[in-house]
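# Reading the structure
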Amino acid sequence: MSFLNSHLTKLLAISLIGVFFGFLTFNGCAVNPVTGRTQLMTVSEEREFRIGQQVDKQVREEMGIYLELPELRSLVKEVGQNLARHTARAKNLTYRFEIVDSPDFNAFALPGGFIYVHRGLLERINTIDELASVLGHEITHVDARHSAAQISKVELLNIGLLAANVATQGAISQFGDLVNIGAVLALNKFSRDAEREADHYGTIYMTKAGYNPKSSFEVMQQIQKIQLREPTTVESWFMTHPPTSERLANLNEEIKLIQQNQPEALKRPIQRNQYIRRLEGLAVGEWNGQELIRGDYYYNKEFLVKIKLPEGWQGQITNKQYTAVFGQPKKDFYVYFDIEPLRFPVTSEEYFREFESKLKKRGLQKEGITSPRLKHNALMGTYRGSSSQLGAVKAIAITFTQEANGYSLVGICKSADFSTFRPLVESMSESLTFISSQEALQLQPGRLKIHEVKTGETWDSIAEKYFGNPQEKNKLAEYNGLEVKENPSAGVLLKIPPTLHFQ
Ligand SMILES: [Zn+2]
C-alpha cells in the first residue's frame with residue numbers, strides 16, 4: 001500500500017470513472033508506437049489525452065506545482081524536451097514536464113504526455129544525467145501507452161472500475177483513501193514488463209539525447225541505498241517496480257551493450273555542478289505554505305497548532321478529507337487529524353457525542369467508556385471495526401472544541417497492535433499545543449544550502465562546519481552521491497540539507 005502517494009491513485013480513479021461513462025467504446029487492437037507489437041487497446045489516442053488532461057488539472061489543484069525555483073523548473077522542462085524529441089510519439093504528442101510540490105521520492109506519468117517529478121526526488125538526485133534517466137523512464141510509460149493499455153485491460157476484463165469501487169466501500173473506506181484503495185490501485189500499477197520496458201527505452205532515449213547512460217545505473221544505486229535506509233520514502237515509487245536488484249542487473253546489461261555499440265556515450269561528462277547549483281533554496285520535507293513538518297513536529301500556521309509526531313512517523317499535509325494525516329505505514333498505523341469549523345459554538349461533550357455518532361455510521365462500534373477530560377478539555381473513546389485491507393481494526397478518537405472549531409484525532413490500526421498504538425496517539429494529543437502568531441510567522445521549511453568545496457577541505461571539516469560533528473560525513477557523502485573514502489575535490493558543489501536525521 002502506498003501511503004503518501006495514494007491520493008494520486010484516487011484522483012486517477014475518480015477521473016477514470018467519469019471517462020468510463022462518457023466514452024466507452026471498444027476499439028479492439030492497436031499497434032504499439034514503441035514496440036511495434038499489436039496489443040489490445042480500447043483507448044484511442046484522443047481519449048488517452050483527454051484522461052491525462054483531466055487528471056492533470058486535479059494534480060495541479062491537489063498536489064500543487066512547485067514554483068519557488070524557476071531555474072530548476074526550466075531545467076526539468078529542458079531535459080524533458082531533449083528526451084521527448086527522440087520518442088516514438090514525438091510527432092503527434094506534446095510531452096509536458098512539471099515539478100509537483102511534494103517531498104516524496106517519486107515521479108509519475110499520466111496518459112497523454114503529462115510527466116511530473118516530485119521536488120523530493122530532485123532533492124535526492126545529483127546530476128542532470130540522473131534527471132534524464134528518471135524522466136526517460138517516465139516518458140516511456142506514456143510513449144509505449146502503458147496507462148492506456150492498463151485502462152484497456154480493465155475495460156476488456158469488464159471489471160468495471162465503478163463496480164470495484166462500490167464493492168470496496170467498507171466501513172473504513174470513508175476513513176480514507178489510505179486504508180482502502182484495493183482494486184483501484186491496479187490502474188496505476190504497471191506490469192513488470194512495462195517497468196522493464198521503461199528502463200530499457202528510457203536508457204535509449206537518454207543516450208540519444210546526449211546524456212551519459214551510466215547515470216541510469218548510478219541513480220538506481222542511489223535509490224537502493226535510500227531504500228535500505230528509509231524503506232517508506234521510496235516505497236511509493238518502488239512498490240510498482242521490479243526489485244531494485246533486478247533493475248540494476250538489467251541496466252548493467254543495457255550499459256554493456258552501449259559499451260559495445262556506442263562507447264563514446266559512456267565517456268560523456270556527467271553534469272553535476274550544473275545540476276546542484278539549481279537546487280539552492282529548495283524546500284525540503286512536508287510544506288504547503290500553511291502547514292509544515294519540521295523535525296518531529298507538525299505545525300499549522302493558520303490554526304496556530306503544533307503536534308509532536310511519534311518517532312519515525314510521516315505525515316501528509318495536503319489531503320482533501322482531513323487537515324493532515326500522520327502514520328507509520330510499515331506498521332499500518334494511521335492518525336487522521338482534523339480541524340472543522342462549527343456552525344455555532346458547542347461544548348466539548350456535545351461535539352464528542354456528535355463525533356461518535358459519525359464514527360458509528362462509518363462502522364466503528366464504541367468499545368471503551370469515555371474517559372475523563374484530557375488536555376484542552378478533550379474527550380476520548382475507543383472503538384472497533386473491520387476493514388477489507390487490515391481485517392479487525394481498533395480505533396481511538398480524541399476530540400475537543402476551541403472557539404468555533406472542532407478538533408479531532410482519530411487513530412486506526414490492526415486490533416493486535418492497539419496496545420502499542422494507543423499510547424502513541426495519546427501522546428500526540430497531549431503534545432497538541434497552540435502557538436503564538438509570532439512563532440507561526442517564523443516557521444519556514446528547511447531549505448537546501450549549496451557548498452562549494454575549497455582547497456584543503458575534507459568530508460570531516462565540512463561535516464563539522466555544518467553539523468558540528470565530523471561523524472556526519474558518511475551520511476553527507478551518501479546524500480551527495482559521493483564516496484566518503486575520497487575527499488571531494490575543490491570546486492565540487494555539495495548539497496547541505498537542514499538535517500541529516502533522515503526518517
Ligand atoms: Zn515506472
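Here the structure is a predicted model, which means the values were calculated and not measured.

This part takes up the overall build of the protein. Helix and strand counts for the protein come out as 18 helices and 20 strands. Residues classed as buried in the protein amount to 54% of the 503 residues present. Partitioning the intrachain contacts of the protein with sequence separation of at least 6 by distance along the chain shows that 68% fall at a separation of at least 24. With an accessible surface of roughly 21600 Å², the protein has 51% of that area assigned to carbon and sulfur atoms.

What follows covers empty space enclosed by the protein. On inspection of all chains with the given rule, the structure shows six cavities of 30 Å³ or more. Its volume calculated, the second largest cavity comes out at about 90 Å³. Around the second largest cavity sit 15 residues that line it, and Ser-133, Val-134, His-137, Asp-199 and Ser-216 are the ones nearest its centre. At the level of secondary structure, the elements contributing two or more residues to the lining of the second largest cavity comprise α5 (128-143), α9 (192-208), α10 (214-229) and α12 (244-261). A total of five residues in the lining of the second largest cavity trace back to one element, the largest contributor, which is α9. Tallied by class, residues from the lining of the second largest cavity come to seven nonpolar, six polar and two charged.

All right, on to the side chain of Thr-399 then. Counting through the fold element by element, Thr-399 comes out in strand β15 (residues 391-402). What makes Thr-399 buried here is its relative accessible area of 0%. Discounting chain neighbours no more than four positions away, the residues touching Thr-399 are Tyr-351, Phe-352, Phe-355, Asn-377, Ala-378, Leu-379, Tyr-407 and Ser-408.

This part is about the confidence of the model for the protein. This prediction gives the protein a mean pLDDT of 83; 83% of its residues lie at or above 70. Contacts of residues 1-27 to residues separated by more than four positions or lying in other chains number 83 contacts, the stretch itself having pLDDT below 50. Every residue in residues 158-186 scores below 50 in pLDDT, and together they form 68 contacts with partners more than four places removed in sequence or on other chains.

Counting 52 residues, the largest nonpolar core has Val-79, Leu-83, Leu-122, Leu-131 and Tyr-275 as its most contacted members. The element best represented in this core is α5, accounting for seven residues. Among all residues touching Leu-131, those that are not within four sequence positions of it are Leu-75, Val-76, Val-79, Leu-122, Ile-125 and Tyr-275. Ranked by size, the runner-up nonpolar core spans 26 residues in total, among them Tyr-298, Leu-309, Trp-313 and Ile-398.

Rules used in this analysis
Residues numbered from 1 in each chain as written. Predicted model: local features only at pLDDT ≥ 70, side-chain atom pairs only at ≥ 80, totals over all residues. Heavy atoms only, no water. Helix = DSSP H or I, 4+ residues; strand = E, 2+ residues; numbered from the N terminus. Buried < 20%, exposed > 50% of the residue type's maximum accessible area, 1.4 Å probe, protein only. Contact = heavy atoms within 4.5 Å. Areas by Shrake-Rupley, 256 points an atom, 1.4 Å probe, with all protein chains shown as cover. 1 Å grid on protein atoms, 1.4 Å probe; cavity = no way out; pocket = protein on both sides within 12 Å on 5 of 7 lines; lining within 4 Å. Points joined across faces, edges and corners; volume = space filled by probe spheres on them. Nonpolar A, V, L, I, M, F, W, Y, C, P; charged D, E, K, R; others polar. pLDDT = per-residue confidence, 0-100. Core = buried A, V, L, I, M, F, W, Y, C linked by side-chain atoms within 4.5 Å.

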